[in-house]
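Secondary and tertiary structure notes
Here is how the chains run, residue by residue.
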Amino acid sequence: MRQHDLPERYASANGHTCHPVPDTHLNPTMDQFMTNPTSSPALTAQGSIPSDLAAQAASSATDPCDLAEAVMPDLVFGDLNQADEDWVRGHTITCNYCANVLHSLEHVCSALDECADDVCENAAARRPSATLCLGIPEARYGFMKSPVGDVLVAASDQGVVEISYLNHNGRHESLRELEQRGYLVYERQDRVRPVVDQLQEYFAHQRQTFDLPFDLGGITDFTRSVLERTVHIPYGKVQTYGEVASAIGKPKASRAVGNALGRNPVPVIIPCHRVILSSGAMGWYTGGPEIKRALLGIEGVSYAARESAAQASLGIEG
Amino acid sequence: MDAGWDRVSEGNRFVSDLSLPLEPASRGAPIPTSSDTATPVSDPDHCLFTSMIERFGDEIYRFACQLTGNGADADDLYQETLLKAFRAYAKLPTDANHRAWLYRICSNTFISDRRKHGRVSPMNDVMAATLSDHAPDQARALDARDLLRDVERFVDALPPKQRVALVLRKHHEYGYADIADVLNSSEAAARANVHEALTKLRGAFSHRMEV
């Protein structure tokens, strides 16, 4: 059967002396391949790499050439154990046919290597960037220290995309959230320098308004409308959730306003800390109540000021 | 000759283009975990998509080049792989083996693209062309570039699963268990795919290799 493997001229020219295995020796699982003369016994679905080849070859039922040919690819990939490799190499010394098979296989493998080298030339330089592949914006992030703990800052080409209090949100959660908003996230401290500078000035009481665009990509329309309203609350002033709800034309939505502010991706720059409960209590904050208190403290908003603001808002609504 | 081997491949569950290797529970294949990899995860932001691409992008791109055999198709395959990966990434457990996962997406995309768009020249035609175009005496005159081009053409006509298996074993040091994992097949079928591809190549080109 091996004679069918190669063109007739090749098989006859190589001085091959081994005899084909009689069909009676083929086990039943091989039969399906025997209908096809070009299938090799190596390809029976035994799967695992054969071993103990010398012992198998010693059994009179097995043609050593079948064994050798079946494991040639395993030999060139280095998958055989030492004893089996030695046996196959020893066999190819005595058998021209198998020597030629091995030789051809090695040539095919080096041709494959060359093809791979060709097609991979400069692959690292040619590889398209993830930004190009995905067609989505990049967000570059960096870190800063602040009176309210470590802060992660991220910006896209459009503006600030994320300010995250790391004592409250983990760095990974913040960054993965950014990915889920549809940004490719890279660490680039130098790209967030302007944001860091202005935030430092704010914390040092040297800045009351921010000269920074923000980028609310991946934020729902309702949340966006709440945030775009909140950004107009001036430094040192507070409004209630109800007032913000009224301002966006949904006076009954103060709870939803609270939820939307909780999703503010750029606190401080969008001052959601300036929105309080109608009782005058601070209410919830994305970085925790201590930070809200600290920020209002920086801006000089006392408890009394909050209370009177709340009273005023009730008066207006009343 | 292909029929028998296609049966072997088809016997295994075919991973469709749309079902990413994300929902392996339904197909019984576990998501590989990072304990499978030798490289420890040192990057603190290894859970980020961009970090994953920085780590594995180059080898996945080379994989795409080797599968497609040309730069333009490689770019398309790589881009499609990244798009699918990005969409599914949020749901991937952080301890998953991201490398194996990317290889699987890339392989599945390649295989299903080939099944959808097919190949103009079936194996037998390519084989016939390779064998008849150049009689043995002419073969000596052909330079190495022609041979490589023909080998590339022949590899391009291999059944996609065989090509994936061959490239993984030959150029990415994948063992058969790992290839089986990528192809969602048995280890036996993985080895059979590699052996079959090599045997075909040897049969087609042995007369043109300097002996």
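If you're wondering where the values come from, they're calculated on a predicted model, not measured in any experiment.

**As for the overall build of chain B**
The helix and strand tally for chain B stands at 10 helices and zero strands. Mapped from its N terminus to its C terminus, chain B presents α and β elements in the order α-α-α-α-α-α-α-α-α-α. Per-residue burial over chain B gives 45% buried out of 211 residues. Pairs at least 24 apart in sequence give 74% of the contacts found in chain B among residues at least 6 apart.

**Focus on the pairing of strand 1 (residues 138-144) of chain A**
All names here are of chain A. Bridge analysis of strand 1 against strand 4 (residues 184-187) gives four bridges, and the strand direction is parallel. Bridged to Tyr 141 within strand 4 is Glu 187. As judged from the five bridges shared by strand 1 and strand 2 (residues 151-155), these two strands associate in the antiparallel manner. Its bridge partner lying in strand 2, Met 144 is registered against Val 151.

**Digging into the domain arrangement of chain B**
All names here are of chain B. In terms of domain boundaries, chain B breaks down into domain 1 (44-118) and domain 2 (120-211). Each partner contributes residues to the interface: domain 1 has 11 residues there, and domain 2 has 13 residues. When residues of the side of domain 1 that touches domain 2 are traced back to their parent elements, those giving at least two are helix 2 (49-68) and helix 4 (98-117). The biggest single contributor to the side of domain 1 that touches domain 2 is helix 4, with seven residues.

**Quick look at the packing of helix 9 (residues 176-183) of chain B against helix 10 (residues 187-205) of chain B**
Residue and element names in this part refer to chain B. Contact geometry of helix 9 with helix 10 gives a least axis separation of 8 Å together with a crossing angle of 100°. Regarding the angle of helix 9 to helix 10, the classification is roughly perpendicular. Contact with helix 9, carried on its side by Tyr 176, Ala 177, Ile 179, Ala 180 and Leu 183, involves Glu 187, Ala 189, Ala 190 and Arg 191 of helix 10 and no other residues of that element. Here the residues of the contact of helix 9 with helix 10 sort into seven nonpolar, no polar and two charged.

**Quick look at the packing of helix 2 of chain B against helix 8 (residues 160-171) of chain B**
All names here are of chain B. With their axes 10 Å apart at the nearest point, helix 2 and helix 8 run at an angle of 130° to one another. On the basis of their axis angle, the class for helix 2 and helix 8 is oblique. Note on packing geometry: the crossing formed by helix 2 with helix 8 is right-handed. Facing Phe 63, Gln 66 and Leu 67 of helix 2, the residues of helix 8 in contact are Arg 163, Val 164, Val 167 and His 171.

**A short note on helix 11 (residues 193-203) of chain A**
Residues and elements named next belong to chain A. By the burial criterion, the buried members of helix 11 are Val 195, Leu 199 and Tyr 202. Taken down its axis, helix 11 places every buried residue within 55° of arc, on the same side. Packed against the buried residues of helix 11 are strand 1, strand 2 and strand 3 (160-165).

**Considering the confidence of the model for chain B**
Detailed conclusions should not be drawn from predicted coordinates in areas where pLDDT is low. Residues and elements named next belong to chain B. Across chain B, the average pLDDT comes to 76, with 64% of residues at or above 70. Confidence scores differ between elements of chain B, with helix 1 (residues 2-11) showing the lowest mean pLDDT of 35 and helix 8 the highest of 96. The low-confidence segment residues 1-30, where pLDDT is below 50, has 49 contacts with residues more than four positions distant or belonging to other chains. Below pLDDT 50 for its whole length, residues 34-43 participates in 10 contacts with residues either more than four positions away or in separate chains. With pTM at 0.76, the complex prediction returns an ipTM value of 0.76.

Analysis parameters
Residues numbered from 1 in each chain as written. Chains lettered and ligands numbered in written order. Predicted model: local features only at pLDDT ≥ 70, side-chain atom pairs only at ≥ 80, totals over all residues. Helix = DSSP H or I, 4+ residues; strand = E, 2+ residues; numbered from the N terminus. Buried ≥ 20, exposed ≤ 12 C-beta atoms within 10 Å, placed from the backbone. Contact = placed C-beta atoms within 7 Å. Pairing = 2+ DSSP bridges. Domains from an automatic or database assignment. Axes fitted to C-alpha atoms, helices over the stretch in contact; angles between N-to-C directions. Parallel < 35°, antiparallel > 145°, perpendicular 65-115°, else oblique. Nonpolar A, V, L, I, M, F, W, Y, C, P; charged D, E, K, R; others polar. Left-handed = near helix turned anticlockwise from the far one by under 90°. Arc of directions from axis to C-beta. pLDDT = per-residue confidence, 0-100.

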